[in-house]
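A look at the structure
One-letter residues, chain by chain:
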Amino acid sequence: MMFTRSEFTSFRKNLLAWFRQFQRDLPWRRTKDPYRIWISEIMLQQTRVAAVIPYYERFLARFPDVRVLALAPEEEVLRLWSGLGYYSRARNLQAAAKQIMAQHGGEFPRDEESVLALPGIGRYTAAAILSIAFGEKHAALDGNVARVLARLGAIRGDLRESKRWQSLQNAAGELLDPKSSGDWNQAVMELGAMVCTPRAPQCLLCPVATFCRARQFGDPESYPEKRKKREAAKITLASAVFSSPRGRTLLLPPPGEKNGTPAADDVPALVSRMWHFPTVAIRKNPGEELRAYLGEFLHGRNGSLNLEPLAKVRHTVTFRNVTVFAFRIAMADIPQIRGAKSIRLDDFARLPVSNLTRKIARAALLPSSAK
Ligand code: SF4
């Protein structure tokens, strides 16, 4: 950024004053507790603020400090995460909590090296926690902040290209207000979230508009340049929703739990890493391939199964478009499988299941006319 000293001063003053007056009142902004800030930063990765708030509050009510989180059963941590997606975040949180107990006496570390050594914490998250909780002078750079900087400096090209990213990191470091690093990082993030949005930035409301080169050039929305989109992989699955007259169904456990079910290796982890319906990856014929898979753990009793097709379920996660052909299989009794659970179809709240599994359950609960 090519600012003179006096421009630096007014740039920082304008942005901080705007943030202190207009910032949203968010639960994690009412604390300096590094544990709480850490949890919020991890939840906010890839998830919108409005969606995070209720999860944040429930999670902290159950796991109020690092010790309780470290000692909790993993299944409970995942259950309270259930619905937020990207479950590796929850597993890493707990692994990091254990590391903090073992190596730092239960105190969140204050130096960057130790923070970066915790599972699930990269440079951005470390900078955010250290600046907000401890006032350490680290500039946080993510896609949101990079967009704001690219517009301020009218920077063209792919921002994620490593040299350009490094120069953005340097620019973020130069701009950082050393006396208020936590507020400063949050102010830049807030500007990106509320004013300098990806589409239709509201330059008329922007506290730093006079410093913005993209605005001077007349088309701020054209910064940063669009990245080439990676094509999403298409994945087709078939799932079995067993259904008893008493409304019960069968769910299989995540891998690693002792069970008598054959592993369906090619089923993506987004399904099988949590409790899930029996599911198989499909090449051609969903009904036939699912029936063949079920035969493996129903010991040949699959021939007589009546597979009733449900509404198709679609699910999109990073770079993957998943289509699930779900089938209801009515049975007088839910098959007994070692390690599996028989559970009411409308009672998934007790178990950690993925959003995709929830969608399949909803399809099975729809009245026939709605399909
Ligand atoms: Fe973003 Fe417009 Fe402000 Fe520039 S003037 S930083 S483009 S909101």
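Residues numbered from 1 in each chain as written. Predicted model: local features only at pLDDT ≥ 70, side-chain atom pairs only at ≥ 80, totals over all residues. Heavy atoms only, no water.

Things to note about the overall build of the protein chain
What the protein chain contains, in helices and strands, is 15 helices and 7 strands. A buried classification covers 50% of the 371 residues belonging to the protein chain. Once local pairs closer than 6 in sequence are excluded, the contacts in the protein chain between residues at least 24 apart make up 66%. When the accessible surface of the protein chain is totalled, it reaches about 18,800 Å², and 50% of it is carbon and sulfur. Averaging the coordinates of the 56 positive side-chain charges in the protein chain and doing the same for the 35 negative ones gives two points 4 Å apart. (Helix = DSSP H or I, 4+ residues; strand = E, 2+ residues; numbered from the N terminus. Buried < 20%, exposed > 50% of the residue type's maximum accessible area, 1.4 Å probe, protein only. Contact = heavy atoms within 4.5 Å. Areas by Shrake-Rupley, 256 points an atom, 1.4 Å probe, with all protein chains shown as cover. Lys, Arg positive; Asp, Glu negative; His and termini not counted. Charge placed at Lys NZ, Arg CZ, Asp CG, Glu CD.)

Some details on the nonpolar core
Grouped together as the largest cluster of nonpolar side chains are 79 residues, with contacts concentrated most on Tyr35, Trp38, Ile39, Met43, Phe59, Trp81 and Leu191. At 8 residues, helix H8 (residues 123-134) tops the list of elements feeding residues into this core. The residues that make up this core include at least three from each of domain 1 (31-138) and domain 2 (142-228). Apart from residues lying up to four places away in sequence, Trp81 is in contact with Ile42, Met43, Tyr55, Phe59, Tyr86, Tyr87, Arg89, Ala90 and Leu93. Ranked by size, the runner-up nonpolar core spans 23 residues in total, among them Val241, Ala326, Leu345 and Ala364. (Core = buried A, V, L, I, M, F, W, Y, C linked by side-chain atoms within 4.5 Å. Domains from an automatic or database assignment.)

Some remarks on the domain arrangement of the protein chain
Assigned domains of the protein chain: these are domain 1 (31-138), domain 2 (142-228) and domain 3 (233-370). A C-alpha centroid distance of 32 Å is found between domain 1 and domain 3. Counting residues at the interface gives 8 residues for domain 1 and 12 residues for domain 3. Between domain 1 and domain 3, roughly 880 Å² of surface is buried when both sides are summed, and carbon and sulfur atoms account for 46% of that area. Scanning the region where domain 1 abuts domain 3 turns up 4 residue pairs in polar contact (both at pLDDT 80 or more). The element that contributes the greatest number of residues to the side of domain 1 that touches domain 3 is helix H5 (residues 74-81), accounting for 3 residues. The residue makeup of the side of domain 1 that touches domain 3, split by class, is 3 nonpolar, 2 polar and 3 charged. (Buried area = accessible area lost by both parts, 1.4 Å probe. Polar contact = N/O pair within 3.5 Å; in protein donor to acceptor, adjacent residues only side chain to side chain. Nonpolar A, V, L, I, M, F, W, Y, C, P; charged D, E, K, R; others polar.)

Concerning the side chain of Thr31
Residue placement: Thr31 occurs in the loop between helix H1 (5-22) and helix H2 (34-44). Not counting residues up to four positions away in its chain, the partners in contact with Thr31 are Arg36, Ile37 and Tyr56.

Focus: the pattern of salt bridges
Taken as a whole and assessed by the stated rule, the structure comprises 13 salt bridges. Linking Glu161 and Arg164 is a salt bridge whose minimum nitrogen-to-oxygen distance equals 3.7 Å. For Arg164, a relative accessible area of 25% translates into the label partly exposed. For Arg344, the salt bridge goes to Asp346, with nearest N and O atoms at 3.2 Å. You can call Asp346 partly exposed: its relative accessible area is 48%. Three or more residues are tied together by salt bridges with common partners; here these are Arg24, Arg29 and Glu190. (Salt bridge = Lys/Arg side-chain N within 4 Å of Asp/Glu carboxyl O.)

Quick notes on the site of the ligand
Near the ligand you find Arg151, Leu152, Val195, Cys196, Cys203, Cys206, Ala209, Cys212, Arg215 and Pro220, and these make up its full shell. Taken together, the residues of the shell around the ligand sort by class into 8 nonpolar, no polar and 2 charged. (Near = heavy atom within 4 Å.)

A look at helix H9 (residues 143-152)
In terms of burial, H9 is a largely internal element, 9 of the 10 residues being buried. Every buried residue belonging to H9 is among Asn144, Val145, Ala146, Arg147, Val148, Leu149, Ala150, Arg151 and Leu152, and all of these are buried. The N-capping residue of H9, defined by a side-chain oxygen 3.2 Å from the backbone nitrogen of Asn144, is Asp142. Immediately beyond the C-terminal end of H9, within one or two residues, lies Ala154, with a positive phi of roughly 50 degrees.

With respect to H8
Taking 1.5 Å per residue, 12 residues should reach 16 Å; H8 reaches 16 Å between its end C-alpha atoms and fits that length. Among the 12 residues of H8, 10 are classified as buried, and the element is accordingly described as predominantly covered. Buried within H8 we find Tyr124, Thr125, Ala126, Ala127, Ala128, Ile129, Leu130, Ser131, Ile132 and Ala133. Close packing links the buried residues of H8 with H2, helix H7 (112-116) and helix H11 (181-194). At the exit of H8 stands Gly135, carrying a positive phi of roughly 70 degrees. (Expected span 1.5 Å × (residues − 1).)

A look at the environment of Gly143
Turning to its location among the elements, Gly143 is positioned in helix H9. Using a relative accessible area of 30% as the deciding quantity, one classes Gly143 as partly exposed. Along the backbone, Gly143 and Leu305 are 162 residues apart, and their C-alpha atoms lie at a distance of 50 Å.

Considering the packing of aromatic side chains
This structure, assessed with the given rule, holds 7 aromatic pairs. When the centroid spacing of 5.5 Å and the interplanar angle of 55 degrees are considered together, the rings of Trp38 and Phe108 count as tilted. Of the two residues, Trp38 sits in helix H2 while Phe108 sits in the loop between helix H6 (88-104) and H7, which places them 70 residues apart along the sequence. Phe108 shares its class with Trp38; the two are buried. Where Phe59 meets Phe63, the ring centres are 4.9 Å apart and the plane angle is 65 degrees; that geometry is what we call edge-to-face. For the pair Phe59 and Phe63, one class covers both residues: buried. (Phe/Tyr/Trp six-rings, centres within 6.5 Å; stacked < 30°, edge-to-face > 60°.)

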